[in-house]
Protein chains: 2
Amino acid sequence: MDLLKQRIARDGKNLGNGILKVDGFINHQVDPGLMDACGRELAARFRDLGATKVLTAEISGIAPALTTALHLGLPVVYARKQKPITMPNEIFLTLAPSHTKGRTVELIVSPEYLRSSERVLIIDDFLASGQTILGLARLAQAAGATVIGIGAVIEKSFEGGRAALATLGVPIESLAIISDMSEDKIVFGD
Amino acid sequence: MDLLKQRIARDGKNLGNGILKVDGFINHQVDPGLMDACGRELAARFRDLGATKVLTAEISGIAPALTTALHLGLPVVYARKQKPITMPNEIFLTLAPSHTKGRTVELIVSPEYLRSSERVLIIDDFLASGQTILGLARLAQAAGATVIGIGAVIEKSFEGGRAALATLGVPIESLAIISDMSEDKIVFGD
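Rules of the game
Residues numbered from 1 in each chain as written. Chains lettered and ligands numbered in written order. Predicted model: local features only at pLDDT ≥ 70, side-chain atom pairs only at ≥ 80, totals over all residues. Heavy atoms only, no water. Helix = DSSP H or I, 4+ residues; strand = E, 2+ residues; numbered from the N terminus. Buried < 20%, exposed > 50% of the residue type's maximum accessible area, 1.4 Å probe, protein only. Contact = heavy atoms within 4.5 Å. Least-squares fit on C-alpha atoms with pLDDT ≥ 70 in both. Phe/Tyr/Trp six-rings, centres within 6.5 Å; stacked < 30°, edge-to-face > 60°. Lys NZ or Arg CZ within 6 Å of the ring centre and 35° of its normal. Core = buried A, V, L, I, M, F, W, Y, C linked by side-chain atoms within 4.5 Å. Salt bridge = Lys/Arg side-chain N within 4 Å of Asp/Glu carboxyl O. Pairing = 2+ DSSP bridges. Axes fitted to C-alpha atoms, helices over the stretch in contact; angles between N-to-C directions.

**Overview of the overall build of chain A**
Here is step 1 of the chain: The secondary structure content of chain A amounts to five helices and eleven strands.
Here is step 2 of the chain: Once the C-alpha set of chain A is aligned to its principal axes, its extents read approximately 45 × 35 × 30 Å.
Here is step 3 of the chain: Expressed as a percentage of its 190 residues, the buried residues of chain A come to 57%.
Here is step 4 of the chain: The long-range share in chain A, meaning contacts at least 24 apart out of those at least 6 apart in sequence, stands at 60%.

See below:
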């Protein structure tokens, strides 16, 4: 997606150790027009797969998942990292190691909003190691739901997430694939 | 806003102690069409005030702030509750007591995205005690920016937030005002 790649090239920063700073337009300050365009494109790529729900993880997955869901006309559920008091005691919970946080986080979804009949499209801002997305897939599987596809705004292909997700056997779509961040570079690989 | 009030009346639940469960359409599962309608309405109410940026707090403020910002054509910044590694060491930070969490949370914004020239519209999902919104206003003031308005999706008027925010001297708009949640009721007050 050229609009996104141009923005990453202009405003993204390689902070070293594979860390891409995009907090000026994706995950602290958000450009709503860009997120809407990303959502429209992800929706188009998955429109024919019969999804009934979009699933993401708080916090930075919310913006692209919301716009994707808006363009698909579907509800979106964001997995919580802490159980709110409004959630019932019986929950779906899994643990996912977070590379950028350096620790394991909980991903929690209420059974009220993830049923066995659902066809789930997983959307996140980043596909890196794939661990968060695998966690979301485990939540869907715990509910007896079917994962039908995975979409990411930015994929860091050098972190191996696509291979980690291959066992799910579903289409994986990324709007910008970065293949190399060594030596201060941001190299697009698609 | 009738669409929102009808949805609260149909799907909202009064859990007691002033806690309103709306996690089926606002803050766990999100109805993107409803959020888009709320954002359109909030944008219309503040369109003439010359805002340059929308400010909210993660997590549940993100959806309505994003749709409001989309309809105003402005960037949106969500204050973080933990400092990410992509943020510089010099930050704006304030503490805000969270009634529903029973503890104090940090609200953090990078100075990169909140400048003294900004005219800030604060958007959140709930206006209850007003403490989170007051915290966001302190962050804007710390940056030397000007708060020009406050918008909430749902106001619980019996928690006194509107009075707490009066010192800011800016317009406050809520799309649904709930005046009474005693005895299992959800009474609209506007």
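**Structural notes on the relation of the copies chain A and chain B**
Here is step 1 of the chain: Under the fitted operation, chain A is carried onto chain B by 0.0 Å of movement along the axis and a turn of 180°, and the coordinates agree to an RMSD of 0.0 Å. Taken together, the turn and the small shift mark the pair as related by a two-fold rotation axis. No C-alpha of chain A approaches the rotation axis more nearly than that of isoleucine 59 of chain A, which lies at 3.1 Å.
Here is step 2 of the chain: Of all interface residues in chain A, 100% are interface residues in chain B too; the two copies therefore contact each other through one and the same surface.

**Considerations on the packing of aromatic side chains**
Here is step 1 of the chain: Tallying each qualifying case throughout the model produces zero aromatic pairs over all chains.
Here is step 2 of the chain: Taking NZ or CZ as reference, lysine 156 of chain A lies 5.5 Å from the ring centre of phenylalanine 126 of chain A, over its face.

**Some points on the nonpolar core**
Here is step 1 of the chain: Counting residues in hydrophobic clusters, the biggest one holds 74 residues, and the most contacted among them are Leu4, Val54 and Ile154 of chain A together with Leu4, Val54 and Ile154 of chain B.
Here is step 2 of the chain: Not counting residues up to four positions away in its chain, the partners in contact with leucine 4 of chain B are Ile26, Leu34, Cys38, Val153, Leu175 and Ala176 of chain B.
Here is step 3 of the chain: Counting 28 residues, the second-largest nonpolar core is a separate cluster that includes Ala57, Ala79, Val109 and Leu165 of chain B.

**With respect to the pattern of salt bridges**
Residues and elements named next belong to chain A.
Here is step 1 of the chain: A complete count under the given rule lists 28 salt bridges over all chains for this structure.
Here is step 2 of the chain: Linking glutamate 58 and arginine 80 is a salt bridge whose minimum nitrogen-to-oxygen distance equals 2.7 Å. Of this pair, glutamate 58 sits in the loop between strand S4 (53-57) and helix H3 (62-72) while arginine 80 sits in the loop between strand S5 (76-79) and strand S6 (92-98), and the two are 22 residues apart along the sequence. Like glutamate 58, the residue arginine 80 is buried in the burial classification.

**A word on the sheet that holds strand S3 (residues 29-30) of chain B**
Sheet strands line up and pair through hydrogen bonds in the backbone, either parallel or antiparallel.
Here is step 1 of the chain: Read from one edge to the other, the open sheet built from seven strands follows the order S11(A)-S10(A)-S9(A)-S8(A)-S4(A)-S5(A)-S3(B), with strand pairing classed as mixed. Two strands in the sheet have a free side with no partner beyond their single neighbour: strand S11 (187-188) of chain A together with S3 of chain B.
Here is step 2 of the chain: Pairing between S5 of chain A and S3 of chain B: two bridges, direction antiparallel. Across the sheet, residue valine 76 of chain A finds its bridge partner in S3 of chain B, namely valine 30 of chain B.
Here is step 3 of the chain: Lying over the sheet, helix H2 (residues 32-46) of chain A contacts strand S8 (119-127), strand S9 (146-156) and strand S10 (172-180) of chain A, oriented at roughly 120° with respect to S10 of chain A.
Here is step 4 of the chain: Its contacts with the sheet put helix H4 (residues 131-142) of chain A on S4, S5, S8 and S9 of chain A, and the angle it makes with S8 of chain A is roughly 165°.

**Topic: the environment of valine 105 of chain B**
All names here are of chain B.
Here is step 1 of the chain: Within the secondary structure, valine 105 sits in strand S7 (residues 103-109).
Here is step 2 of the chain: Given the relative accessible area of 8%, valine 105 is considered buried.
Here is step 3 of the chain: Valine 105 sits 14 residues away from arginine 119 along the chain, and the two C-alpha atoms are 25 Å apart.
Here is step 4 of the chain: In contact with valine 105, not counting residues within four places along its chain, are Lys81, Thr94, Leu95, Ala96 and Ser98.

**A few points about the environment of valine 30 of chain B**
Here is step 1 of the chain: Its location among the elements puts valine 30 of chain B in strand S3.
Here is step 2 of the chain: Given a relative accessible area of 1%, valine 30 of chain B falls into the buried group.
Here is step 3 of the chain: The spacing of valine 30 of chain B and serine 60 of chain B is 30 residues in sequence and 9.7 Å in space, taken between C-alpha atoms.
Here is step 4 of the chain: Look past the residues within four positions of valine 30 of chain B in its chain and what remains in contact with it is Leu66, Pro75, Val76 and Tyr78 of chain A together with Phe25, Met35 and Ala63 of chain B.

This is a description of form; function is not addressed.
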